[in-house]
Amino acid sequence: IMANPNIVSVTSIKGESVGFALTATTTTTLMTVSADKLVKINRITCANVDGSSSADLTLSITKSNFTPDGVANFDTSGTFHLAKTVSVPADATLVVLDTPIYMMESDILKGGANAASDLELFVSYESISDA
C-alpha cells in the first residue's frame, strides 16, 4: 500500500486535469484516489456559468484512515472542507485552491452547489505512482 510514500522513489508522475459540472448534492463524490497513487492537487477553480444568479460552492476531502508521518495530535479520518457554501457570483470564477495539497490513496474529493448546473469545477493535479 502506498498510504504515505517516499515521493523521491516514485515510478511515474503524470500531469492531469479533470472538470466537473456540479450537481445540487454537495456531497457528490468527484474524485477517489486509486490504490498505489498519491494525488498532488495543484489548483482548483470554480466558474459560475449562470449569467444572472450567484451559486454556493461546497467542496471537501474525506480522508481515509492513515497515520501521517512527522506530526502528532491529528484526525486520522473525517471530512474536511476546502470551501463551505462559498458564494460564487454570476459569470465569475473563484480560485478555490492555488497552493498544492496531497490526497492519499482512498481519499475522496466531494462537492456540489446549491443549484444544479450553475457551477463548473476544474482540477489540475499530478498522479504520482510507486507501482
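Every chain begins its residue count from 1, and numbering advances along the sequence as written. pLDDT decides what is reported in this predicted model: residues at 70 or higher carry local features, side-chain atom pairs at 80 or more are listed and counted, and totals for whole chains, interfaces and linings draw on all residues regardless. Think of the side-chain values as coming from all heavy atoms in the structure, minus any hydrogens and water.

*Asks:* Please clarify how the nonpolar core should be interpreted in this entry.
*Replies:* Inside soluble globular proteins, nonpolar side chains tend to come together where they are buried. In these notes, a set of buried Ala, Val, Leu, Ile, Met, Phe, Trp, Tyr and Cys residues joined through side-chain atoms within 4.5 Å is what counts as a nonpolar core. Under the scheme applied here, a residue whose accessible area is under 20% of the maximum for its type counts as buried, over 50% as exposed, and between as partly exposed, the area being computed with a 1.4 Å probe on protein chains only. Leu57, Leu121 and Val123 are the most contacted members of the largest nonpolar core, which has 24 residues in total. The helix and strand labels rest on DSSP assignments: H or I over at least four residues marks a helix, E over at least two residues marks a strand, and numbering proceeds from the N terminus. Those elements that place two or more of their residues in this core are strand S2 (28-32), strand S3 (37-48), strand S4 (55-63), strand S5 (78-88), strand S6 (93-97), strand S8 (108-113) and strand S9 (119-129). Any pair of residues with heavy atoms lying within 4.5 Å of one another is described as a contacting pair. Not counting the four nearest positions on each side in its chain, Leu57 is found in contact with Leu22, Cys46, Ala83, Lys84, Thr85, Val86, Val88, Leu94, Val96, Gly112, Leu119 and Leu121.

*Asks:* How should I be thinking about the environment of Thr99 in this particular structure?
*Replies:* Among the secondary structure elements, Thr99 is positioned in the loop between S6 and strand S7 (101-103). Residues Thr99 and Thr62 lie 37 residues apart in sequence; the distance between their C-alpha atoms is 19 Å.

*Asks:* What exactly am I supposed to notice about unusual backbone geometry here?
*Replies:* Across the chain, the bulk of peptide bonds are trans and the bulk of non-glycine residues have phi less than zero. Non-glycine residue Asp36 carries a positive phi angle of around 65 degrees. Note on placement: Asp36 falls in the loop between S2 and S3. For Asp91, which is not glycine, the phi torsion reads 55 degrees and is therefore positive. Of note, Asp91 is situated in the loop between S5 and S6. For Asp91, a relative accessible area of 57% gives the class exposed.

*Asks:* Would you mind showing me how to read the sheet that holds S8 here?
*Replies:* Strands were regarded as paired on the criterion that DSSP finds at least two bridges between them. Pairing is antiparallel in the open sheet, where 4 strands are placed in the order S2-S8-S4-S5. Pairing within the sheet leaves two strands with one partner each, and these edge strands are S2 and S5. The sheet shows a mean angle of 20 degrees between the axes of neighbouring strands, direction not considered. Judged from the 6 bridges that link them, S4 and S8 form a sheet pairing that is antiparallel. Counted as the bridge partner of Leu59 is Gly111 from S8. In this description, a line fitted to the C-alpha atoms serves as the axis of each element, helices being fitted only across the stretch in contact, and the angle between N-to-C directions of two axes falls anywhere from 0 to 180 degrees.

*Asks:* Just checking my understanding: could you explain the pairing of S3 for this structure?
*Replies:* Looking along a regular strand, one sees the side chains alternate between the two faces of the sheet. Where burial is concerned, most of S3 is hidden: 9 out of the 12 residues are buried. When S3 meets S9, the two strands line up antiparallel, connected through 11 bridges. Looking at the pairing, Thr45 lines up with Phe122 of S9. In this sheet, S7 lies alongside S3 in antiparallel orientation, the contact comprising 3 bridges. From the neighbouring strand, Ile41 faces S7, where its bridge partner is Ile101.

Geometric values such as these leave the question of function open.
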